[in-house]
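Chain by chain, the residues run as shown.
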Amino acid sequence: ALPKQLGVAEEPRAEDLVHALQRFDKQLAGRRMSPNELAACLRLLAYLRSRPSAGDAAFLAAARCSNMLLVPTAAGMMMPAARVVHVGGGGGGVAAARLLGRADPQHLVLAHPQISEHICSWLGVASLSDMLSEELDPSQSLHPLPAINGTALEHVQALLASPHFAAAAFSTAAAHAAAVPALRQLGLGTVAKVCADAAAPGRLLFVERLYSRVVLRSSGRDVTRDSASRQIYEYYDSSSGTVYVAVPPAGLSLSSLLAQVLSRALGSPFTLSLHPLLEVPDAAQLPLLQPVLHPGGYDTDLEGALASGHVGSPVQPADRALLRLRPLRHYAAGELVAVKHRSKSAAGSLASALVHRAVGEAGTAEAGDGTLCYARVAVDAAPAAGQAAYRLSVEVELGVYETLLSTQVCGGRHGTLLLTCGETSENILKCLQSVCTSPTPT
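Residues numbered from 1 in each chain as written. Predicted model: local features only at pLDDT ≥ 70, side-chain atom pairs only at ≥ 80, totals over all residues. Heavy atoms only, no water.

Asker: Which residues make up unusual backbone geometry, and what are the values?
Answerer: Here Asn 67, not a glycine, exhibits a phi torsion of approximately 60°, which is positive. By the secondary structure assignment, Asn 67 is in the loop between helix H4 (54–65) and strand E1 (70–72). According to the relative accessible area criterion, Asn 67 is partly exposed, its value standing at 40%. In the Ramachandran plot, Asn 149 falls in the positive-phi region, its phi being about 50° despite a non-glycine side chain. Mapped onto the secondary structure, Asn 149 falls in the loop between strand E7 (147–148) and strand E8 (151–152). (Helix = DSSP H or I, 4+ residues; strand = E, 2+ residues; numbered from the N terminus. Buried < 20%, exposed > 50% of the residue type's maximum accessible area, 1.4 Å probe, protein only.)

Right, dumping it as structure tokens:
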């Protein structure tokens, strides 16, 4: 009680801790921190991140803007948060390592790897992918090849265009989804679209040699480490969707390069085990590889659950049984529905056909006339009095919206809801209300 009467606080203020970090930096005088000193700094930063009071939050926000917050670097020094970058952001993994290993270290100050990603984000530390990007060297001349090491380009395109390949690639990604959050958002439709895009004419190129450079996003300045770092053997151009593969050196197979670049196109932070799928002589043999690639077995119900609910992907058979056409139903923004959708692009049509065949649905007429796919209601919609049908805006593919009649939209059966995990509680409540107030079908 006596310390309180003397005005001693029960715990230090955020301002005191920030100033303590600054004094500690002066005491270091340029030397490397010891392991104990590093551990203390990391605990202090984690404690600052958890400060609940409004006064501390306001001071810390101002401190971030004025570069008062110091963080440990990979070299064991203290630096303002605005002057360092962390490797884990933007997916990390192979993509970050690819940039890090080829960039000139003189242009980078890396945050200590023991600082968690959410603390780096709170401190305002930029990620490596926010600071650097890779682009093809504009001065090179590409020399296309019809085959590499005896494997013809047409053969690889035929494999990628096979529904068996899309299904096997999705199974491979699904096997890691429990441990890798980025792969949980990867639906069968997305996998089929990436494969279909790569199989399209001119989208997969075999070349003799390939060079790229690492540049600063802010200025476009070339910061590649040296000339040896410019040569690469695969590259994915995300802006055009073009896949480049060069003649590999001894000891590196073509299938490994294709697996690397396809994994990057799929958004995987690491290289998926796709190379065995790319070595089979006939696409019909791909289903036989799944028990080998997944010796512990793979669960079809789990794969179906992972494929369910992705906008633009075909409706899974289990969800199809729950759908009903109810033209006078109220729909809430964010609610998942099902619509007949036919992609306007050739690659999209091929992807739709691949998915349709991959999930085992018979016949090709429905794939050509339009596939029943997941879609998301864009805004709240309800019929006016006396209307037999009304129009509503629906997201039929990621970022692609169409205005459809309510007679073209299928909703859940009775109280069944199809919702995404990312929906807000407000939208979920609206969805519940829309079901409760919708007329019961006769």
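Asker: Explain the environment of Ser 121 residue by residue, including any values.
Answerer: Relative to the elements of secondary structure, Ser 121 occurs in helix H6 (residues 117–123). The sequence separation of Ser 121 and His 86 amounts to 35 residues, and the corresponding C-alpha distance is 9.3 Å.

Asker: So what's going on with the packing of helix H2 (residues 14–28) against H4? Which residues, and what values?
Answerer: Running from N to C, H2 and H4 cross one another at 35°; their axes reach a closest spacing of 9 Å. On H4, the residues that touch Ala 14, Glu 15 and Val 18 of H2 are Asp 56, Phe 59 and Leu 60. The residue makeup of the contact of H2 with H4, split by class, is four nonpolar, no polar and two charged. (Axes fitted to C-alpha atoms, helices over the stretch in contact; angles between N-to-C directions. Contact = heavy atoms within 4.5 Å. Nonpolar A, V, L, I, M, F, W, Y, C, P; charged D, E, K, R; others polar.)

Asker: Break down the pairing of strand E12 (residues 234–237) for me, with residues and values.
Answerer: Strand direction decides the pairing type here: E12 and strand E13 (residues 242–246), joined by four bridges, are antiparallel. By the bridge assignment for E13, Tyr 235 is matched with Tyr 244. What sits between the antiparallel neighbours E12 and E13 is a turn of four residues, in which Gly 241 has the positive phi angle 75°. (Pairing = 2+ DSSP bridges.)

Asker: I'd love a proper account of H2, names of residues and values included.
Answerer: Here H2 contains 15 residues, and its C-alpha end-to-end distance of 21 Å stays within 8% of the 21 Å for a straight helix at 1.5 Å per residue. All of the buried residues along H2 are Ala 14, Leu 17, Val 18, Leu 21, Phe 24 and Leu 28. One side of H2 holds all its buried residues, which, seen down the axis, span an arc of 115°. In H2, the exposed residues that point more than 90 degrees away from the buried face are Lys 26 and Gln 27. (Expected span 1.5 Å × (residues − 1). Arc of directions from axis to C-beta.)

Asker: Tell me about the sheet that holds strand E11 (residues 231–232), and name the residues and values.
Answerer: In a beta sheet, neighbouring strands are held together by backbone hydrogen bonds and run either parallel or antiparallel to one another. In spatial order, the strands read E5-E10-E11; together these three strands make up an open sheet with antiparallel pairing. The open sheet terminates on both sides in strands that have one partner only, identified here as strand E5 (132–136) and E11. Where E5 lies against strand E10 (residues 210–216), five bridges are found, and the strand directions are antiparallel. The partner of Glu 134 across the bridge, within E10, is Val 214.

Asker: Which residues make up the nonpolar core, and what are the values?
Answerer: Leu 160, Phe 165, Leu 204, Phe 206, Val 245 and Leu 274 are the most contacted members of the largest nonpolar core, which totals 40 residues. Broken down by secondary-structure element, the contributors of at least two residues to this core are helix H8 (153–160), helix H9 (163–174), helix H11 (188–199), strand E9 (204–207), E13, helix H12 (254–265) and helix H13 (286–293). Considering each element in turn, this core owes the most residues, seven residues, to H12. In contact with Leu 274, not counting residues within four places along its chain, are Ala 169, Thr 172, Ala 259, Leu 262, Ser 263 and Leu 266. Grouped together as the second largest cluster of nonpolar side chains are 29 residues, Leu 17, Met 33, Leu 42 and Ala 81 included. (Core = buried A, V, L, I, M, F, W, Y, C linked by side-chain atoms within 4.5 Å.)

Asker: Tell me about the confidence of the model for the protein, and please be specific about residues and values.
Answerer: For the protein, the average pLDDT comes to 81, and 79% of its residues sit at 70 or higher. Segment residues 361–369 is flagged for pLDDT under 50; beyond a separation of four residues in sequence, or across chains, it makes 13 contacts in the model. (pLDDT = per-residue confidence, 0-100.)

Asker: Let's hear about the pattern of salt bridges: which residues, and what values?
Answerer: Counted according to the given criterion, the structure contains 13 salt bridges. A salt bridge links Glu 208 to Arg 209, with the shortest nitrogen-to-oxygen separation between them at 3.1 Å. Assessed through its relative accessible area of 45%, Arg 209 is described here as partly exposed. Between Glu 395 and Arg 376 there is a salt bridge; the shortest N-O distance is 3.3 Å. Placement of the pair is Glu 395 in strand E17 (residues 391–397) and Arg 376 in strand E16 (residues 371–377), with a sequence separation of 19 residues. Of the two residues, Glu 395 and Arg 376, both sit in the buried class. Three or more residues joined by partner-sharing salt bridges are found here, namely Arg 98, Arg 102, Glu 134, Glu 234 and Arg 264. (Salt bridge = Lys/Arg side-chain N within 4 Å of Asp/Glu carboxyl O.)

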